[in-house]
Amino acid sequence: MRGSHWRAALAITVVVSGCVDTVGPERAIDGQQLYENYCARCHGVDGRPVPEQPQARDLSNRRIVDTLGDEAISVAIRMGRPPTMPAFRDEFTEASLMVLVAYVRSLSGSPGSRAPDAGGASPP
Ligand code: HEC
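Rules of the game
- Residues numbered from 1 in each chain as written.
- Predicted model: local features only at pLDDT ≥ 70, side-chain atom pairs only at ≥ 80, totals over all residues.
- Near = placed C-beta within 6 Å.
- Helix = DSSP H or I, 4+ residues; strand = E, 2+ residues; numbered from the N terminus.
- Nonpolar A, V, L, I, M, F, W, Y, C, P; charged D, E, K, R; others polar.
- Core = buried A, V, L, I, M, F, W, Y, C linked by C-beta atoms within 7 Å.
- Buried ≥ 20, exposed ≤ 12 C-beta atoms within 10 Å, placed from the backbone.
- Contact = placed C-beta atoms within 7 Å.
- Axes fitted to C-alpha atoms, helices over the stretch in contact; angles between N-to-C directions.
- Parallel < 35°, antiparallel > 145°, perpendicular 65-115°, else oblique.
- Expected span 1.5 Å × (residues − 1).
- Bend = angle between axes of the 7 residues up to and from the residue.

A.B. asks: Can you lay out the site of the ligand for me, pointing to particular residues and giving the numbers?
C.D. replies: Near the ligand lie 21 residues; those nearest to it are Cys39, Cys42, Ala76, Arg81 and Met85. When residues of the shell around the ligand are traced back to their parent elements, those giving at least two are α3 (40-43), α4 (62-79) and α5 (94-108). Per element, the largest residue contribution to the shell around the ligand is five residues, and it comes from α4. Of the residues contributing to the shell around the ligand, the split by class is 14 nonpolar, four polar and three charged.

Printed below as a string of structure tokens:
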């Protein structure tokens, strides 16, 4: 709980520097920060698509998110959804991706398929 300002600043640094992740005792990966930086401009801060991107998937809709599951969400992030959603490919490390997917799920309260608790585990 110490230094939340410091932590926020660090999270932004990680986002700005792209694929550099600080994975250590002081984990700087912040799902909300990632989401708001990369996804909210289309999917909205709360998961509801912004007016400019009405065709973006409604990530606040639990049925949609439940149906997708973690795997499909990661694939969508990595590969994008042409023509509109960009492929983020190597933008996120495995760890960041897991945190981001978990955050996306939390927008709708979907339990999804639980991601292993970091620690460098990478699903196939
Ligand atoms: C430029 C706008 C844009 C951005 C940025 C964007 N998306 Fe999307 N996203 C879309 C659109 C449009 C669709 C619907 C595509 C379709 O109908 O196939 C979509 C679909 C999805 C889906 C559903 C995929 C499926 O298989 O149905 C997920 C999950 C998703 N986005 C997550 C994200 C996440 C997480 C981010 C941030 C890392 C993100 N998106 C960034 C526009 C965007």
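Still more to cover.
A.B. asks: Describe unusual backbone geometry, listing the residues and the values that go with them.
C.D. replies: Working note: non-glycine residues mostly have negative phi, and peptide bonds are mostly trans. Residues Pro82 and Pro83 are joined by a peptide bond in cis, for which omega reads 5°. Residue placement: Pro83 occurs in the loop between α4 and α5. Even without glycine at this site, Arg89 takes up a positive phi of about 35°. Assignment of secondary structure puts Arg89 in the loop between α4 and α5.

A.B. asks: Which residues make up the nonpolar core, and what are the values?
C.D. replies: Counting residues in hydrophobic clusters, the biggest one holds 19 residues, and the most contacted among them are Tyr35, Leu97, Val99, Leu100, Val101 and Val104. If near-sequence neighbours (up to four positions away) are discounted, Leu97 is found in contact with Ser74, Ile77 and Phe92.

A.B. asks: Kindly report on the packing of helix α2 (residues 31-38) against α5, identifying the contributing residues and their values.
C.D. replies: Think of two packed helices as two axes; the pair is described by the angle between the axes and how far apart they sit. Direction vectors running N to C along α2 and α5 enclose 85°, while the axes themselves pass 8 Å from each other. The orientation of α2 with respect to α5, classified from their angle, is roughly perpendicular. Only Ser96, Val99, Leu100, Ala102, Tyr103 and Val104 of α5 make contact with α2, whose side of the interface consists of Gly31, Gln32, Leu34 and Tyr35. When grouped by side-chain class, the residues that make up the contact of α2 with α5 number seven nonpolar, three polar and no charged.

A.B. asks: Got a sec to walk through α4? Specific residues and values, please.
C.D. replies: Given 3.6 residues to a turn, an α-helix orients residues that are three or four positions apart in the same direction. For α4, with 18 residues, the first-to-last C-alpha span of 22 Å runs short of the 26 Å given by 1.5 Å per residue. Taking the largest bend as the criterion, α4 deviates by roughly 90°, centred on Gly69. Of the positions making up α4, those classed as buried are Val65, Leu68, Asp70, Ile73, Ser74 and Ile77. Check the buried side of α4 and you find it contacts α5.

A.B. asks: Kindly report on the environment of Glu94, identifying the contributing residues and their values.
C.D. replies: Within the secondary structure, Glu94 sits in helix α5. Along the sequence, Glu94 and Ser74 sit 20 residues apart, while their C-alpha atoms lie 9.5 Å from each other.

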